[in-house]
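Each chain is listed here by its residues.
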Amino acid sequence: ARESQRGLGRAARRVCRAALLLALALGFAGRAEAGTLYVATNGNGSAGTSWLTAYTNLQDAIDAAAPTDTIYVAGHTFVVTSQVDWAKSDLTVLGGYAATNAADTPGPYDAQQWPTTLSRSSDRTRIFYFHDLTNAVLRRVTVSGGYPANETSGGGLYISNVESLILDDCRITDNHVYYAGWV
């Protein structure tokens, strides 16, 4: 009886070890590293994985992004025809890149030399709507000419239910505001 108990004990330990190893393997396999996406007016819009395949608008890149991704934006002027709807947490958007060489990604950046600007078309369009997110970064981007439709708040930026939004080295300029307190 004792030998059969020892045999069961060894078998149980083997099963536990196998289950632990499987759980660890699945845990590490399920954890993805941060991704990188690109946006440029002259990209082909196919995948956003380089300057050559870059998305041509920021909304497509945000829609494709996963938490912890970084989106690199070329130093171009992007005309916004509908607001950029940013509701994804743990996302970073960095502007001011030269975006000149597909092999050199993300490549050099200088917001003075290669300014990234988001501005509206002739219609009434808010530029950014940040909402329902935590930990977002917008860096080296100019937001200009926003004008909210239907006399609502926030022309350049409308921020609602957001925790830890960092606007770093951004210019928010020439936007229209209906109500005080919104940018």
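Residues numbered from 1 in each chain as written. Predicted model: local features only at pLDDT ≥ 70, side-chain atom pairs only at ≥ 80, totals over all residues. Heavy atoms only, no water.

Student: Break down the environment of asparagine 42 for me, citing the residues and quoting the values.
Tutor: Mapped onto the elements, asparagine 42 comes out in the loop between strand 1 (36-39) and helix 2 (58-64). By relative accessible area, asparagine 42 is classed as exposed at 55%. Considering only alpha carbons, one finds asparagine 42 and threonine 53, eleven residues apart in sequence, at a separation of 9.0 Å. (Helix = DSSP H or I, 4+ residues; strand = E, 2+ residues; numbered from the N terminus. Buried < 20%, exposed > 50% of the residue type's maximum accessible area, 1.4 Å probe, protein only.)

Student: Would you mind going over the nonpolar core in detail, with residue names and values included?
Tutor: Ranked by internal contacts, the top residues of the largest apolar core, which has 26 residues, are Val39, Leu58, Ile71, Trp86, Leu118 and Phe128. The element contributing the most residues to this core is strand 7 (residues 128-139), with five residues. With nine residues, the next largest nonpolar core counts Tyr38, Ala74, Leu94 and Tyr97 among its residues. (Core = buried A, V, L, I, M, F, W, Y, C linked by side-chain atoms within 4.5 Å.)

Student: Tell me about the packing of aromatic side chains, and please be specific about residues and values.
Tutor: Overall, the coordinates contain nine aromatic pairs when judged by the stated rule. Here tyrosine 97 and tyrosine 109 contribute two aromatic rings whose centre-to-centre distance is 5.4 Å and whose plane-to-plane angle is 55°, an arrangement assigned as tilted. Note that tyrosine 97 is positioned in strand 5 (residues 91-97) and tyrosine 109 in the loop between strand 5 and strand 6 (116-120), a separation of twelve residues in sequence. A relative accessible area of 4% means that tyrosine 97 is categorised as buried. Exposure remark for tyrosine 109: the relative accessible area of 48% places this residue in the partly exposed category. Centroid distance tyrosine 129 to tyrosine 158: 5.5 Å. Interplanar angle 40°. Geometry classified as tilted. Taken together, the residues span a long stretch of sequence, with tyrosine 129 in strand 7 and tyrosine 158 in strand 9 (residues 157-168) at a distance of 29 residues. Following the ring pairs from residue to residue traces out a cluster consisting of Tyr38, Trp51, Tyr72, Tyr97 and Tyr109. (Phe/Tyr/Trp six-rings, centres within 6.5 Å; stacked < 30°, edge-to-face > 60°.)

Student: So what's going on with the pairing of strand 8 (residues 141-144)? Which residues, and what values?
Tutor: Alternating residues of strand 8 divide into Val141 and Val143 and Thr142 and Ser144, and every residue in both groups is buried. Across four bridges, strand 6 lies against strand 8 in parallel orientation. By the bridge assignment for strand 8, threonine 116 is matched with valine 141. Pairing of strand 8 with strand 10 (residues 171-173), which is carried by three bridges, proceeds in the parallel orientation. By the bridge assignment for strand 10, serine 144 is matched with threonine 173. (Pairing = 2+ DSSP bridges.)

Student: Give me the side chain of threonine 142: which residues, what numbers.
Tutor: Following the sequence through the fold, threonine 142 ends up in strand 8. Overall, the relative accessible area of 11% leaves threonine 142 in the buried class. Setting aside residues up to four positions removed in sequence, threonine 142 forms contacts with Thr116, Thr117, Leu118, Arg171 and Thr173. (Contact = heavy atoms within 4.5 Å.)

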